[in-house]
Amino acid sequence: MSEASSKPMSGPSSGPNGGPNGEPNGEPDSASPLRVRIAPSGLAFAAEPTQSILEAALRAGIRLPSSCRNGTCRACLCRLASGSIRYRVEWPGLSPDEKDEGYLLPCVACAQSDLDIIAPGARRQD
Ligand code: FES
């Protein structure tokens, strides 16, 4: 059998954040940024668990659609394909159904694991 399973706390990590395949390792680690990948563009950037996904993207030179940046206008609405987030605000402008369907407001959401998001409007800043 293969030895592809993760080995917690057994020697140096082979990746910047957990498993060799970029799998989230369960808890946010403030010392190592999380990785956010964007479909369909294939763009990717690092994010700290304390900064919004939108802020992290901008810092990496990636522009996501946005306007209010406080979770009300929904201009930044995109979709979470995998990973976990937490919101900075108690009532982000999403219905419970939208949350269940994976919709996400990156201006007020912080990554808590590596993420895959679907944001067709994402592009690299010139
Ligand atoms: S920019 Fe307005 S809700 Fe995100």
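Residues numbered from 1 in each chain as written. Predicted model: local features only at pLDDT ≥ 70, side-chain atom pairs only at ≥ 80, totals over all residues.

Colleague: I tried to follow the pairing of strand β2 (residues 44-47) on my own but got confused; where do I start?
Modeller: Walk down a regular strand and you will see the side chains alternate between the two sheet faces. As paired strands, strand β1 (residues 34-39) and β2 are joined by four bridges and run antiparallel to one another. Residue V36 lies in a different strand from β2, and its bridge partner there is F45. (Pairing = 2+ DSSP bridges. Helix = DSSP H or I, 4+ residues; strand = E, 2+ residues; numbered from the N terminus.)

Colleague: Sorry if this is basic, but what is going on with the pairing of strand β4 (residues 78-82) here?
Modeller: Alignment of β4 against strand β6 (residues 103-104), held across two bridges, turns out to be antiparallel. Within the sheet, the bridge partner assigned to C78 lies in β6 and is L104.

Colleague: What is the right way to look at unusual backbone geometry in this model?
Modeller: Both trends apply: most residues other than glycine have a negative phi, and most peptide bonds are in trans. The residue after A39, namely P40, is reached through a cis peptide bond having omega 0°. As for its position among the elements, P40 is in the loop between β1 and β2. With phi around 65°, R69 is a residue other than glycine that occupies positive phi space. As for its placement among the helices and strands, R69 is situated in the loop between β3 (62-63) and β4. With 16 C-beta atoms counted inside 10 Å, the residue R69 sits in the partly exposed group. Positive phi, normally seen in glycine, also occurs at R74, with a value near 70°. Following the sequence through the fold, R74 ends up in the loop between β3 and β4. (Buried ≥ 20, exposed ≤ 12 C-beta atoms within 10 Å, placed from the backbone.)

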